[in-house]
Amino acid sequence: NYRYSTLGLMQAIGISVGTGSAVPQYQDLSLKLRFPTKKAGIFELFGMGGISSIDLLASEEDDTTAQNIYGTGDIDVYDRTKLGVVGVSHTYITKNNSYTKLTVSASSLLNQDIVDSLDGNREIHDWYRQNFQNHRFQASFFYKKKFNAKHNLKLGVRGSMFYTILHDSVFIQSWNRYQTLTDFDGSTFLIQPYAQWQWRWSDRWTMNTGVHFQYLTLNGTNAVEPRWGLQWKAADKHSISLAYGLHSQMAPMATYFEVEEDSLGNRETPNKNLDMVKSHHAVIGYDWSLPNSTRIKMELYYQYVFNTIIGPDSSSWSSLNYGGFNTSGPESLHNGGIGTNYGAELTFEKFLTKGYYWLVTASLYDSKYTAGDGIERNTAFNGNYVVNTLGGYEIKLNKKKITKTSNYLLFDLKFTIAGGSRFTPIDGPASALAGEAVYLENEAFSQQFEPYYRLDIRFAYKRIGKRITQEYAFDMQNVTNHKNPLYKTYNVQSNLLENVDQLGLFPMFMYRVNF
């Protein structure tokens, strides 16, 4: 599957791609090849690669040009990203009801940013430089054995080597040089052995148990994670499940190597010994199979997160808000925060039969965290509810003709409505004095945007041949052009607080070949 950015062409003919005058450029390729053999097992080759870039140049804007929606009026941003993944796997089935699978892969993610600042005379000055490279070499192996109809055992291990280059710095005018923010060039290993056992002591009862272990060689942190699940098939069309697991996650690699540097050039890396973030997960579910290829599924869940990464005792910063906007935090971090997530999910779906399908999902939830200051707050992602409705219909065009190909018209629709994301209010007067956004950290994520909603429509023509299937599709994302807010920012030029919106109407064309 290969894609190439057509957004520049669309922008040229007057179709906005939702980023103002800046046009993202990208292309990517993915593949998977499968080679089954009679005696040697199944071999698979998979890969993916892509490059993307965008320039948000305030220096080229004036009153007559469109604004860069994701930039600001006082910086030039040059962003470059490259991604590559390649791997092979081998599955071998033995004669004693068991099989093995070995997978070896390598991946690289490169992100390079240059950010220049503009002064009051619109002159360009050095400000920020970043070169982040994450290279991962991974191997996994497992052995699965079916002893009989009641017992299955799976033993495995996964090893990952991270070779990481992390360099970024910011120019300090009073020092007349760059201050190092992150500085690392080296490798570390994450080792993860595990075991799983399934016991079906009757046609109606199935129990899954297991244990997973993680060890990070960088600082010796480790975690033992027990897992347990039970399913009861109460009747032919009704089942109830219960599950528990302890899960652990290492910090983002760059966090370990953040540097504290003073004006004399003295450095230290205070976060290198951070422990893993851990959480208890508990889920109870009910599954009901209905006539006409439909079903209802309900789940209640609770997650208690502990050992989260937080800042000083006076800080409201927590790693649980990673991925949200305005979450840059203190340089010196430690473990000790907590968080809770709980909610209910409902799924009502009809599988694709007789040419159509539909799916309705609804989620009600609450997400809170407590950081170093000891105050419980909403997380950045606590929208409280999400409802998705989607469906599709396909029409066979040549029903009565006997041909070597089958032709279909497809129509799909999706509608999403969700509670608005949370954000931290900005102190307007303090921002005006500082010349940049100053956030009221003691009111972190206390405000919420209006509800999010989006309607997507897709039309496609599919031609199924004996060896090749071709598909032409046209997607219209956010057809109502609703301006869903993304984050709030401070505009230095206008001295106003402004919303930055997500993409509006976004048309996409696609051609796909399956063979």
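Residues numbered from 1 in each chain as written. Predicted model: local features only at pLDDT ≥ 70, side-chain atom pairs only at ≥ 80, totals over all residues. Heavy atoms only, no water.

**A closer look at the overall build of the protein chain**
Alright, step 1. Within the protein chain, the regular secondary structure consists of three helices and 27 strands.
Alright, step 2. Here the C-alpha atoms of the protein chain give a radius of gyration of 26 Å, agreeing with the 24 Å that 2.2 N^0.38 yields for 515 residues.
Alright, step 3. If one aligns the C-alpha atoms of the protein chain with their principal axes, the spans along those axes are about 75 × 60 × 45 Å.
Alright, step 4. Per-residue burial for the protein chain yields a buried fraction of 36% across its 515 residues.
Alright, step 5. Accessible area for the protein chain stands at about 28800 Å²; split by element, carbon and sulfur atoms hold 58% of it.
Alright, step 6. Treating the 49 positive side-chain charges of the protein chain as one cloud and the 48 negative ones as another, the clouds have centres 24 Å apart. (Helix = DSSP H or I, 4+ residues; strand = E, 2+ residues; numbered from the N terminus. Rg over C-alpha atoms; globule rule 2.2 N^0.38 Å. Buried < 20%, exposed > 50% of the residue type's maximum accessible area, 1.4 Å probe, protein only. Areas by Shrake-Rupley, 256 points an atom, 1.4 Å probe, with all protein chains shown as cover. Lys, Arg positive; Asp, Glu negative; His and termini not counted. Charge placed at Lys NZ, Arg CZ, Asp CG, Glu CD.)

**A look at the pattern of salt bridges**
Alright, step 1. The full count for this structure, using the stated rule, is 15 salt bridges.
Alright, step 2. Between Glu44 and Lys32 there is a salt bridge, with its nearest N and O atoms 3.9 Å apart. In this pair, Glu44 sits in strand E3 (residues 42-57) while Lys32 sits in strand E2 (residues 25-36), placing the two residues twelve residues apart along the sequence.
Alright, step 3. The exposed category is assigned to Lys32, whose relative accessible area is 57%.
Alright, step 4. Notably, a salt bridge pairs Arg227 with Glu225, separated by 2.6 Å at the nearest N-O pair.
Alright, step 5. Residue Arg227 is classed as partly exposed on the basis of its relative accessible area of 28%.
Alright, step 6. Among the ionic contacts, a cluster of salt bridges with common partners joins Asp412, Arg458, Glu471 and Asp475. (Salt bridge = Lys/Arg side-chain N within 4 Å of Asp/Glu carboxyl O.)

**Remarks on the nonpolar core**
Alright, step 1. Formed by 20 residues in total, the largest nonpolar core has its most connected members in Leu216, Met250, Met253, Tyr256, Phe257 and Ile309.
Alright, step 2. At the level of elements, strand E7 (151-172), strand E8 (177-199), helix H2 (253-256) and strand E15 (294-310) are the ones that each hand at least two residues to this core.
Alright, step 3. Among all residues touching Tyr256, those that are not within four sequence positions of it are Leu216, Leu218, Asn219, Met250, Ala251, Thr269, Asn271, Lys272 and Leu274.
Alright, step 4. One finds Leu56, Val77, Val115 and Tyr128 within the second-largest nonpolar core, a separate group that totals eight residues. (Core = buried A, V, L, I, M, F, W, Y, C linked by side-chain atoms within 4.5 Å. Contact = heavy atoms within 4.5 Å.)

**Structural notes on unusual backbone geometry**
Alright, step 1. Within the chain, Asn292 stands out as a residue other than glycine whose phi angle is a positive 60 degrees.
Alright, step 2. On the secondary structure map, Asn292 appears in the loop between strand E14 (277-290) and E15.
Alright, step 3. Even without being glycine, Asn481 reaches a positive phi, approximately 60 degrees.
Alright, step 4. Within the secondary structure, Asn481 is located in the loop between strand E24 (469-477) and strand E25 (485-491).

**Quick notes on the side chain of Gln214**
Alright, step 1. By the element assignment, Gln214 lies in strand E9 (residues 205-216).
Alright, step 2. On the basis of relative accessibility, which here comes to 6%, the residue Gln214 falls in the buried class.
Alright, step 3. At 2.7 Å, the side chain of Gln214 and the side chain of Glu225 are in polar contact.
Alright, step 4. Excluding anything up to four places from it in sequence, Gln214 contacts Leu190, Ile191, Gln192, Thr221, Asn222, Ala223, Glu225, Ser248 and Met276. (Polar contact = N/O pair within 3.5 Å; in protein donor to acceptor, adjacent residues only side chain to side chain.)

**Concerning the environment of Ser59**
Alright, step 1. Relative to the helices and strands, Ser59 is located in the loop between E3 and strand E4 (75-93).
Alright, step 2. The exposure class assigned to Ser59 is partly exposed, which follows from its relative accessible area of 31%.
Alright, step 3. Measuring from C-alpha to C-alpha, the distance between Ser59 and Asp275 comes to 43 Å, with 216 residues separating the pair along the chain.

**Section: the environment of Arg136**
Alright, step 1. Within the fold, Arg136 resides in strand E6 (residues 124-146).
Alright, step 2. Sequence separation between Arg136 and Thr164 is 28 residues; the distance between their C-alpha atoms is 8.3 Å.
Alright, step 3. Setting aside residues up to four positions removed in sequence, Arg136 forms contacts with Ser105, Ala106, Ser107, Met161 and Phe162.

**Regarding the packing of aromatic side chains**
Alright, step 1. Within the structure shown, the criterion is met by 18 aromatic pairs.
Alright, step 2. The interplanar angle of 10 degrees and the centroid separation of 3.6 Å between the aromatic rings of Phe184 and Phe257 together place this pair among those described as stacked. Pair noted here: Phe184 is in strand E8 and Phe257 is in the loop between H2 and strand E12 (260-261), with a separation of 73 residues, a long-range link. An identical accessibility class is assigned to Phe184 and Phe257; each is buried.
Alright, step 3. Site record: aromatic cluster; members linked through ring pairs are Trp197, Trp199, Trp201, Trp205 and Trp232.
Alright, step 4. Residue placement shows Lys154 over the ring face of Phe142; its charged tip is 4.2 Å from the ring centre.
Alright, step 5. Lys350 extends its terminal NZ or CZ atom over the ring of Tyr356, reaching a point 4.0 Å from the ring centre. (Phe/Tyr/Trp six-rings, centres within 6.5 Å; stacked < 30°, edge-to-face > 60°. Lys NZ or Arg CZ within 6 Å of the ring centre and 35° of its normal.)

**Side note on the side chain of Thr370**
Alright, step 1. Looking at the secondary structure, you find Thr370 in strand E17 (residues 356-370).
Alright, step 2. Setting aside residues up to four positions removed in sequence, Thr370 forms contacts with Ile310, Gly337, Ile338, Ile375 and Glu376.

**Points about the pairing of strand E23 (residues 452-464)**
Alright, step 1. As defined by bridge partners, strand E20 (residues 406-418) adjoins E23 across 13 bridges and the pair is classed as antiparallel. In the sheet register, Leu413 faces E23, and the bridge partner there is Ile457.
Alright, step 2. In this structure, E23 lies alongside E24, joined through eight bridges in antiparallel fashion. For Tyr461, the partnering residue across the bridge sits in E24 and is Tyr472.
Alright, step 3. Joining the antiparallel neighbours E23 and E24 is a turn of four residues. (Pairing = 2+ DSSP bridges.)

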